[in-house]
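Remarks on the overall topology
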Number of protein chains: 2
Amino acid sequence: MKTISINPSKKEWPALMERPTFETKNLEETVTQIINEVREKGDEAVKDFSLQFHGFAPKNLWVTKEEIRNASKYLDGSLKRAMILAKKNIEKFHHQQILKEKKIVTLPGVTCWRKSLPIEKVGLYIPGGSAPLFSTLLMLAIPAKIAGCKNITITTPAQKDGNVNAAILYAAYILGIYKIYKGGGAQAIAAMAYGTQSVDKVDKIFGPGNQYVTCAKKLVNRDGVAIDMLAGPSELAVYADETCIPEFVAADLLSQAEHGADSQVILVTPKRKILDRVIEDIYRQLPFLDRKDIIEQSFLNKRFLVLNENKAFNFLNEYAPEHLIIASKNAEKLSALVKNAGSVFLGNMSPESAGDYASGTNHSLPTGGSAKTFSGVSVDSFIKKITFQKINKQGIKSIGFAVEKMSEAEGLTAHKNAIRIRMKKLKK
Amino acid sequence: MKTISINPSKKEWPALMERPTFETKNLEETVTQIINEVREKGDEAVKDFSLQFHGFAPKNLWVTKEEIRNASKYLDGSLKRAMILAKKNIEKFHHQQILKEKKIVTLPGVTCWRKSLPIEKVGLYIPGGSAPLFSTLLMLAIPAKIAGCKNITITTPAQKDGNVNAAILYAAYILGIYKIYKGGGAQAIAAMAYGTQSVDKVDKIFGPGNQYVTCAKKLVNRDGVAIDMLAGPSELAVYADETCIPEFVAADLLSQAEHGADSQVILVTPKRKILDRVIEDIYRQLPFLDRKDIIEQSFLNKRFLVLNENKAFNFLNEYAPEHLIIASKNAEKLSALVKNAGSVFLGNMSPESAGDYASGTNHSLPTGGSAKTFSGVSVDSFIKKITFQKINKQGIKSIGFAVEKMSEAEGLTAHKNAIRIRMKKLKK
């Protein structure tokens with residue numbers, strides 16, 4: 001696939017929008033076996049798989065309260081301050097998502113409303129292998145807490161020394177969560193989905209992970225366990241016009257590409273010369289980055305396109321990127337053209353990094369084009385809305401005839417009977 | 001399974017909560033074949049399957065505008081008035097679900113907000129076989145319209161005469177929807193999921209149906225097409241205390257049971273004598289109902305339990321019914337005990353029939369225990385919420401250090417670079 005296209009025709013778009021794909025057939029078999037083993041043997045199976053996959057089995061599967069309280073000692077003061085600042089911003093942004101709806105009187109005597117209630121038991125999977133994603137713990141646990149979830153279980157793999165990463169523990173500590181289970185991979189997902197001797201079965205599972213984790217989430221979801229989403233490879237699209245700062249655009253594309261070899265970055269610009277300047281800047285910055293090799297692999301999936309403004313947004317809306325940066329001084333105006341995206345960053349001073357960590361928005365976002373229909377994780381993800389209705393005598397009188405007529409027309413006469421029997425009583 | 005249990009112990013509860021299940025293995029093979037055929041041959045395949053399954057193939061797959069406009073002629077005036085009253089109430093209740101969130105300044109220079117945008121292309125499946133569910137069309141299309149969906153496609157099977165039921169057409173007419181495709185079953189779901197020569201591929205599919213439809217929705221969903229939910233057999237639980245009216249409780253249980261042989265009704269009461277009186281009333285009313293045979297079959301799945309108030313609500317929350325009636329004068333107070341349910345009806349004058357048709361709440365609700373994590377269809381089902389953020393120079397200064405520290409601790413130095421490169425520029 002060409003990674004650079006100048007004014008591609010509409011016929012070429014579908015190929016340009018193709019995302020990296022993976023063979024998952026054998027994966028499903030392996031993961032099914034892991035899940036079945038955990039369902040059968042519980043905690044012991046989780047330990048066995050730790051030994052098998054990571055070369056060690058944690059002695060205690062649960063982190064102690066003391067370990068959680070002590071984590072602070074092992075961390076840099078500035079990192080702790082950073083985490084607390086991020087926590088405050090994420091809380092501030094997510095707090096407004098608790099919305100109280102009014103009771104609606106649809107007709108005299110007929111009152112209807114919705115009430116948001118927390119999902120009772122939630123499980124958060126936090127990757128801890130190559131990168132301990134304590135930021136993801138903040139992103140999941142904060143909306144869970146705001147939603148009112150009381151029973152929150154964290155599962156995360158232990159490090160080689162049998163301990164959980166201190167930054168993950170500290171994040172749990174400042175959030176007041178003390179249920180941390182040392183389990184990684186598909187086995188941890190199975191433990192939360194079905195319960196073990198020591199893990200409560202949860203109602204909904206959240207969190208990203210490697211292909212085993214994602215496959216396990218997919219399989220338990222098919223079996224009726226709710227999940228937040230199936231997180232595919234991460235994506236960033238940038239729309240950059242002549243008011244962008246190419247150096248920044250290059251840095252943003254590089255930052256996305258370091259997530260993994262399967263990440264995808266897209267640059268769309270109306271001007272060929274901007275594309276050229278961004279590429280120059282990429283090669284200037286790349287040598288100084290730690291994850292240079294991953295970035296180079298990821299860049300094999302890149303798409304750099306020249307398209308005029310109108311076509312550019314049509315393309316981007318059809319692609320529906322997880323992250324979209326509008327690198328332009330007119331970003332706010334241009335944002336009206338966005339129809340499908342997970343999270344949008346406006347202007348030259350809004351890098352994706354900011355949203356990944358500390359601005360306040362959530363970084364758990366829809367990938368793989370699912371932004372057309374799905375939203376990222378928010379307080380909404382941790383609640384369900386129950387409808388209530390209270391009808392009195394006057395209400396039954398005012399809607400009774402409509403219910404009778406409609407149920408009769410649908411051939412449901414017992415529905416009609418339930419109204420009629422009440423109407424009769426009222427006449428007495 | 002015993003259908004009546006007096007004070008069952010907690011150990012007996014899981015068996016009492018079991019829902020009717022069905023073998024779907026062969027179904028998946030058949031439905032996969034149907035889907036593949038539609039993907040390959042499009043409209044022709046839809047026609048062929050109509051011929052094969054319903055004994056006729058509609059000549060024109062699309063209902064004409066004229067047919068939609070003329071539907072009114074074939075309907076009773078009182079049914080039309082009933083539908084218009086229902087429409088108004090449903091609109092009134094769903095209108096409040098459009099909530100505008102404020103822009104949040106998490107720190108000076110860092111502004112974050114969410115924006116609700118409609119899902120662009122939605123497809124509504126409306127069953128039209130044994131019962132033409134025009135009420136479902138109101139329940140789906142009204143929130144779609146309020147959400148701002150512009151591209152709404154309806155698929156519904158034609159009757160033997162090649163026409164779509166007039167009440168379905170009239171509902172579409174009063175809603176201003178003119179895209180109605182004559183297709184039923186799995187083939188209609190496939191047409192919307194993948195598109196045909198004449199059907200636009202949609203982004204999300206809504207609507208209930210028989211086992212073929214549900215299986216098709218499950219399969220296209222696994223392939224990445226969004227769906228509202230997998231509608232299982234319908235359920236009603238009633239909590240009735242000594243202030244209930246047994247005659248009404250009986251009527252409500254009967255009305256639920258007529259949905260299908262696989263429907264489940266549950267009655268929980270703290271008093272044995274209420275249970276007995278409800279049963280008496282059921283046998284008094286049953287002989288007069290058209291769908292007596294279906295009700296009798298469905299009643300094989302019933303659960304009538306005596307449990308004290310506290311245990312009753314624990315049981316009901318664990319079961320998580322689609323519909324819950326609290327048949328009590330204290331219903332509003334008792335409603336605080338509800339943790340999991342799709343839709344709750346409070347008091348003796350709030351039959352489920354009312355919510356099924358005309359009170360204003362939605363009747364597309366989570367079944368099979370998914371009320372623990374899912375909400376019924378609402379305006380939320382037709383939108384996605386995109387997060388936006390705009391950061392300025394001051395903002396980058398205030399969160400820059402936190403992003404740098406945290407990304408560094410997660411080993412993502414290109415993320416740090418994207419901030420650092422901006423911070424440097426600011427210092428110049």
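A word on the overall build of chain A
Within chain A, the regular secondary structure consists of 17 helices and 14 strands. Relative to its full complement of 428 residues, chain A shows a buried share of 62%. Looking at chain A as shown, the accessible area adds up to about 16,800 Å², and 50% of this sits on carbon and sulfur atoms. A distance of 12 Å separates the average location of the 60 positive side-chain charges in chain A from that of its 44 negative side-chain charges.

A closer look at the sheet that holds strand 8 (residues 226–227) of chain A
Residue and element names in this part refer to chain A. One open sheet accounts for 5 strands, arranged 6-5-4-7-8; its pairing is parallel. Pairing within the sheet leaves two strands with one partner each, and these edge strands are strand 6 (180–182) and strand 8. Here 3 bridges tie strand 5 (residues 151–156) to strand 6, and the two strands are oriented parallel to one another. Residue pairing for strand 6: Thr 156 is matched across the bridge by Lys 182. In this fold helix 8 (residues 185–194) packs onto strand 4 (121–125), strand 5, strand 6 and strand 7 (204–206), with an angle of close to 175° to the strand it touches most, strand 4.

Notes on the pattern of salt bridges
All told, the structure shown has 46 salt bridges over all chains when counted by the stated rule. With a shortest N-O distance of 3.6 Å, Arg 39 of chain A and Asp 223 of chain A are connected by a salt bridge. Here Arg 39 of chain A is found in helix 2 (residues 25–41), whereas its partner Asp 223 of chain A is found in the loop between helix 9 (211–222) and strand 8, with 184 residues between them in sequence. For Arg 39 of chain A, a relative accessible area of 47% translates into the label partly exposed. Residue Asp 223 of chain A is classed as partly exposed on the basis of its relative accessible area of 44%. Of the charged contacts in the structure, one is a salt bridge between Glu 247 of chain B and Lys 425 of chain A, with a shortest N-O distance of 3.2 Å. Linking Glu 247 of chain B in helix 10 (residues 246–257) with Lys 425 of chain A in helix 17 (residues 413–427), this pair reaches from one chain into another. Connected through salt bridges with shared partners, the residues Glu 101, Arg 114 and Lys 385 of chain A together with Asp 380 of chain B form a single ionic network.

Thoughts on the packing of helix 5 (residues 77–95) of chain B against helix 6 (residues 134–147) of chain B
Residue and element names in this part refer to chain B. One can describe the packing of helix 5 onto helix 6 by two numbers: an axis separation of 10 Å at closest approach and a directional angle of 35°. You can see that helix 5 and helix 6 cross each other, and the crossing is right-handed. Between helix 5 and helix 6, the residues in contact are Leu 79, Met 83, Ala 86, Lys 87, Ile 90, Glu 91, His 94 and His 95 and Phe 134, Leu 138, Met 139, Ile 142, Pro 143 and Ile 146, respectively. For the contact of helix 5 with helix 6, the class distribution of residues is 10 nonpolar, 2 polar and 2 charged.

Looking at the environment of Ser 298 of chain B
Residue and element names in this part refer to chain B. Within the secondary structure layout, Ser 298 lies in helix 12 (residues 292–298). A C-alpha to C-alpha distance of 9.2 Å links Ser 298 and Gln 256, two positions 42 residues apart in sequence. Filtering out sequence-adjacent residues up to four positions away, Ser 298 remains in contact with Ala 257, Gly 260, Ala 261 and Ser 263. A polar contact of 3.2 Å, which involves the side chain of Ser 298, links it to the backbone oxygen of Ser 263.

Some thoughts on the sheet that holds strand 4 (residues 121–125) of chain B
Residue and element names in this part refer to chain B. Taken in spatial order, the 5 strands of this open sheet run 6-5-4-7-8, and their pairing is parallel. Every other strand in the sheet has two partners, leaving strand 6 (180–182) and strand 8 (226–227) as the edge strands with one partner each. Sheet topology places strand 4 next to strand 5 (residues 151–156); 5 bridges connect them, and they run parallel. Bridge pairing links Leu 124 to Ile 154 in strand 5.

Topic: the side chain of Ser 343 of chain B
One can find Ser 343 of chain B in strand 13 (residues 343–346). For Ser 343 of chain B, a relative accessible area of 1% gives the class buried. A polar atom in the side chain of Ser 343 of chain B sits 2.6 Å from the side chain of Thr 387 of chain A. The contacts of Ser 343 of chain B, once residues within four sequence positions are left out, are Thr 387 and Gln 389 of chain A together with Glu 322, His 323, Leu 324, Thr 361 and Leu 365 of chain B.

Concerning the relation of the copies chain A and chain B
Superposition of chain A onto chain B requires a rotation of 180° combined with a translation of 0.0 Å along the rotation axis, giving an RMSD of 0.0 Å. The transformation just described matches what one would write down for a two-fold rotation axis. When you check the interface residues of chain A against chain B, 100% turn up at the interface there too, and the contact is symmetric in its surfaces.

Concerning the packing of aromatic side chains
Residue and element names in this part refer to chain A. For the structure on display, the rule yields 18 aromatic pairs over all chains. Residues Phe 53 and Tyr 212 carry aromatic rings whose centres are separated by 6.5 Å and whose planes lie at 35° to one another, so their mutual orientation is tilted. Placement of Phe 53 in helix 3 (residues 43–54) and of Tyr 212 in helix 9 is noted, with a sequence separation of 159 residues between them. You can call Phe 53 partly exposed: its relative accessible area is 39%. Ring geometry for Tyr 170 against Tyr 173: centres 6.2 Å apart, planes inclined by 35°, an arrangement best described as tilted. A residue pair is termed a helical-turn pair when its members lie 3 or 4 positions apart in one helix, as Tyr 170 and Tyr 173 do in helix 7 (residues 166–175) at 3 residues.

Notes on the pairing of strand 13 (residues 343–346) of chain A
All names here are of chain A. Because side chains alternate across strand 13, one face comprises the buried residues Ser 343 and Phe 345, and the other comprises Val 344 and Leu 346, equally buried. Here 4 bridges tie strand 12 (residues 323–327) to strand 13, and the two strands are oriented parallel to one another. Opposite Ile 325, over in strand 13, you have Phe 345 as the bridge partner.

A few points about the interface of chain A and chain B
Taken residue by residue, the interface counts 121 residues in chain A and 121 residues in chain B. Together, the buried faces of chain A and chain B total about 10,500 Å²; carbon and sulfur atoms form 59% of this surface. The interface formed by chain A and chain B includes 14 salt bridges. The salt bridge involving Lys 385 of chain A is made with Asp 380 of chain B; its shortest N-O contact spans 2.9 Å. Inspection of the chain A/chain B interface yields 72 residue pairs in polar contact (both at pLDDT 80 or more). Top contributing element to the side of chain A that touches chain B by residue count: helix 16 (residues 393–409) of chain A, with 11 residues.

Section: the side chain of Ser 350 of chain A
Mapped onto the elements of the fold, Ser 350 of chain A is located in the loop between strand 13 and helix 15 (352–357). Within polar-contact distance, the side chain of Ser 350 of chain A engages the backbone nitrogen of Ile 391 of chain B at 2.8 Å. If we ignore the near neighbours within four places in the chain, the residues touching Ser 350 of chain A are Ile 325 and Phe 345 of chain A together with Gln 389, Lys 390, Ile 391 and Arg 422 of chain B.

Some points on the domain arrangement of chain A
Domain annotation for chain A reports domain 1 (27–103 + 114–227), domain 2 (232–375) and domain 3 (392–427). Each of domain 1 of chain A and domain 3 of chain A has a C-alpha centre, and these two points are 49 Å apart.

Points about the packing of helix 2 (residues 25–41) of chain B against helix 8 (residues 185–194) of chain B
Residue and element names in this part refer to chain B. Running from N to C, helix 2 and helix 8 cross one another at 45°; their axes reach a closest spacing of 9 Å. One finds that helix 2 runs oblique with respect to helix 8. Handedness of the helix 2/helix 8 crossing: right-handed. Contacts between helix 2 and helix 8 pair Val 31, Ile 34, Ile 35, Val 38 and Arg 39 from the former with Ala 186, Gln 187, Ala 190, Ala 191 and Tyr 194 from the latter. Grouping the constituent residues of the contact of helix 2 with helix 8 by class yields 8 nonpolar, 1 polar and 1 charged.

Focus on the pairing of strand 11 (residues 303–306) of chain A
All names here are of chain A. Alternating residues of strand 11 divide into Arg 303 and Leu 305 and Phe 304 and Val 306, and every residue in both groups is buried. In this structure, strand 1 (residues 4–6) lies alongside strand 11, joined through 3 bridges in parallel fashion. The residue of strand 11 that forms the bridge with Ser 5 is Leu 305.

Examining the confidence of the model for chain A
Close inspection of predicted coordinates is inappropriate for parts of the model with low pLDDT. Residue-level pLDDT values for chain A average 95, and 99% of them are 70 or greater. The ipTM assigned to the predicted complex is 0.96, against a pTM of 0.96.

Observations regarding unusual backbone geometry
Residue and element names in this part refer to chain B. Its identity is not glycine, yet Asn 7 carries a phi of approximately 45°, on the positive side. Asn 7 sits in the exposed class, given a relative accessible area of 52%. Positive phi values are uncommon outside glycine, yet Ala 320 reaches one of about 55°. As for its position among the elements, Ala 320 is in the loop between helix 13 (309–319) and strand 12 (323–327).

Criteria and thresholds
Residues numbered from 1 in each chain as written. Chains lettered and ligands numbered in written order. Predicted model: local features only at pLDDT ≥ 70, side-chain atom pairs only at ≥ 80, totals over all residues. Heavy atoms only, no water. Helix = DSSP H or I, 4+ residues; strand = E, 2+ residues; numbered from the N terminus. Buried < 20%, exposed > 50% of the residue type's maximum accessible area, 1.4 Å probe, protein only. Areas by Shrake-Rupley, 256 points an atom, 1.4 Å probe, with all protein chains shown as cover. Lys, Arg positive; Asp, Glu negative; His and termini not counted. Charge placed at Lys NZ, Arg CZ, Asp CG, Glu CD. Pairing = 2+ DSSP bridges. Contact = heavy atoms within 4.5 Å. Axes fitted to C-alpha atoms, helices over the stretch in contact; angles between N-to-C directions. Salt bridge = Lys/Arg side-chain N within 4 Å of Asp/Glu carboxyl O. Left-handed = near helix turned anticlockwise from the far one by under 90°. Nonpolar A, V, L, I, M, F, W, Y, C, P; charged D, E, K, R; others polar. Polar contact = N/O pair within 3.5 Å; in protein donor to acceptor, adjacent residues only side chain to side chain. Least-squares fit on C-alpha atoms with pLDDT ≥ 70 in both. Phe/Tyr/Trp six-rings, centres within 6.5 Å; stacked < 30°, edge-to-face > 60°. Buried area = accessible area lost by both parts, 1.4 Å probe. Domains from an automatic or database assignment. Parallel < 35°, antiparallel > 145°, perpendicular 65-115°, else oblique. pLDDT = per-residue confidence, 0-100.

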